[in-house]
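# Overview (structure and organization)
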Amino acid sequence: MIITTERLQYLWAVAETGSFTAAGRRLGVSAAAVQQGIVHMEEELGAGLFLRSPGRRPELTELGRQFYFHALDIIPRLEGLEHMAAARGRGREAHLRVGLHGFVTTPAVLEALAGLQRAFPSLELSVYDGEDAVLHCDKLRLLDSSARHGVDMLLAPARLRYDHGGQSVVVGRIVWRVVAASDHPLSRIRGELSLDDLLRHPQLLPLPGVISSDAFYDGFRLSSRLVHYSEFHQLREMLLAGMGFAVFPRQLALPLVREGRLKVLELDFDDGASSTPVELAWVNSLGEAGTWLVERLRAQEWE
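Keep in mind the model is a prediction, meaning the values are calculated, not measured. (Residues numbered from 1 in each chain as written. Predicted model: local features only at pLDDT ≥ 70, side-chain atom pairs only at ≥ 80, totals over all residues. Heavy atoms only, no water.)

Within the chain, the regular secondary structure consists of 11 helices and 13 strands. Out of the 303 residues belonging to the chain, those deemed buried represent 43%. Partitioning the contacts of the chain with sequence separation of at least 6, the portion at a separation of at least 24 is 70%. Approximately 15900 Å² of the chain is accessible, and the part contributed by carbon and sulfur atoms is 52%. (Helix = DSSP H or I, 4+ residues; strand = E, 2+ residues; numbered from the N terminus. Buried < 20%, exposed > 50% of the residue type's maximum accessible area, 1.4 Å probe, protein only. Contact = heavy atoms within 4.5 Å. Areas by Shrake-Rupley, 256 points an atom, 1.4 Å probe, with all protein chains shown as cover.)

A separate point is empty space enclosed by the protein. Using a probe with the size of a water molecule, rolled over the atoms, empty space left in the structure can be pinpointed. Across all of its chains, the model carries 4 cavities of 30 Å³ or more by this definition. When its volume is computed, the second largest cavity comes out at roughly 50 Å³. Taken together, 11 residues make up the lining of the second largest cavity; nearest its centre are L204, P206, F220, Y229 and V247. Broken down by secondary-structure element, the contributors of at least two residues to the lining of the second largest cavity are β9 (203-206), α8 (214-220) and β11 (246-249). Considered class by class, the residues forming the lining of the second largest cavity number 10 nonpolar, 1 polar and no charged. (1 Å grid on protein atoms, 1.4 Å probe; cavity = no way out; pocket = protein on both sides within 12 Å on 5 of 7 lines; lining within 4 Å. Points joined across faces, edges and corners; volume = space filled by probe spheres on them. Nonpolar A, V, L, I, M, F, W, Y, C, P; charged D, E, K, R; others polar.)

Take helix α10 (residues 250-258) next. Listed as buried for α10 are Q251, L252, A253 and L256. The elements touched by buried residues of α10 are β8 (167-181), α9 (232-240), β11 and β12 (262-264). The positive-phi residue at the C-terminal boundary of α10 is G260, with phi of around 80°.

Our focus in this paragraph is the nonpolar core. By size, the foremost hydrophobic cluster in this structure holds 60 residues, and its most contacted members are M153, L155, L265, L280 and L293. With 7 residues, β8 is the largest single contributor of residues to this core. Membership of the second largest hydrophobic core comes to 18 residues, among which are V14, L49, L60 and I75. (Core = buried A, V, L, I, M, F, W, Y, C linked by side-chain atoms within 4.5 Å.)

The subject of this paragraph is the environment of T4. Mapped onto the fold, T4 is located in the segment before α1 (5-17). The class for T4 is partly exposed, based on a relative accessible area of 24%. Taking C-alpha positions, T4 is 9.9 Å from G37, a pair spaced 33 residues apart along the chain.

On to the layout of surface pockets. Here the second largest pocket is characterised by a volume of approximately 160 Å³. Lining of the second largest pocket is provided by W176, R177, V178, G219, F220, L222, V247, L267, F269, D270 and S274. When residues of the lining of the second largest pocket are traced back to their parent elements, those giving at least two are β8 and α8. Looking at the lining of the second largest pocket, the element that brings in the most residues is β8, giving 3 residues. Residue composition of the lining of the second largest pocket, by class: 7 nonpolar, 2 polar and 2 charged.

Bringing the confidence of the model for the chain into the picture now. Mean pLDDT for the chain: 86, with 86% of residues reaching 70 or above. Here helix α6 (residues 139-144) stands out as the least confident element of the chain, with mean pLDDT 62; β12 is the most confident, with 96. (pLDDT = per-residue confidence, 0-100.)

Now for helix α3 (residues 31-45). It helps to recall that an α-helix has 3.6 residues per turn; residues three or four apart then point in one direction. A rise of 1.5 Å per residue sets the reference length of α3, with its 15 residues, at 21 Å; its end C-alpha atoms lie 21 Å apart and thus fit the reference within 8%. Looking only at α3, the buried set comprises V34, G37, I38, M41 and E42. Down the axis of α3, the sector holding all buried residues measures 130°, keeping them to one side. With respect to the buried face of α3, the exposed residues turned more than 90 degrees away are A32 and E43. (Expected span 1.5 Å × (residues − 1). Arc of directions from axis to C-beta.)

A word on the environment of V34. Among the secondary structure elements, V34 is positioned in helix α3. Given the relative accessible area of 0%, V34 is considered buried. The residues touching V34, leaving out its near neighbours within four places in the chain, are Y10, V14, F20, A23, G24 and V29.

Attention now goes to the pattern of salt bridges. If charged atoms from side chains of opposite charge come close, those side chains can pair. Scanning the entire structure with this criterion turns up 10 salt bridges. Among the ionic pairs, R7 bridges to E44, the shortest N-O distance being 3.0 Å. Linking R7 in helix α1 with E44 in helix α3, this pair joins segments that are 37 residues apart in sequence. Classification of R7 by relative accessible area gives buried; the value is 12%. We classify E44 as partly exposed; its relative accessible area is 42%. As a salt-bridge pair, R56 and E59 come within 3.4 Å of each other at their nearest N and O atoms. Take R56: its relative accessible area is 57%, and that puts it in the exposed class. Note on E59: relative accessible area 38%, which makes it partly exposed. (Salt bridge = Lys/Arg side-chain N within 4 Å of Asp/Glu carboxyl O.)

Structure representation (structure tokens):
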């Protein structure tokens, strides 16, 4: 075979370092091995890859440049495969897919993800909206639901079912509050608000989805005037823009309340005890990185 991984690496290293000796040092082989590999490749091609002159660094020929540009694309991919194989041999997965619902994206959860990056710098991490994700072992719901992504791990408001084929545990609770922008008309009313007060204003409410079931939807509806959203970032921005009030996780509302951007509305019909379990679910085939993240998420405080 004329084109081998070894020969491409030799060509790339000579082009990058400017000499056969330096290329050998970079690759951990002798200069003679590099030169011999290039010469054999040139002989089999019937064309030169480098122009060689005494006292001057080797220069790529036109054909050599073409091979060099291909090597720039191919070699990183091969190295990625090597890293993947090595990681798998150590019990580490090369890629972790995490479904993360906006309602549970607390600072502690984000810090756990950042810690995962620090602990496993070569890990490829994909984070999907938890509203569109189910465990990839949950074949039935992948086919029959609106989920678009199969994930290795899912952190979301609990669906209270355990037939997904993986493992799951309740790691905390979302405490719900009704909130509005600080300059919203509801925020200017003194004292406790009644349901009639809320009925006069639009409510921001999620469209039905994997997590936002009909029961979830009905339990959170407090107005007949609705503005629907499909993604959490839409809720946050529309809420801050004063487009309506919303039922919102207390854990995510507090920083915005401290900044003076949101106000928690006091209601005469709500004792403030409404909450939803947070479920962490994962597939049985998690590697070292996924197991590390499960342990961190289970250990964090939600209050």
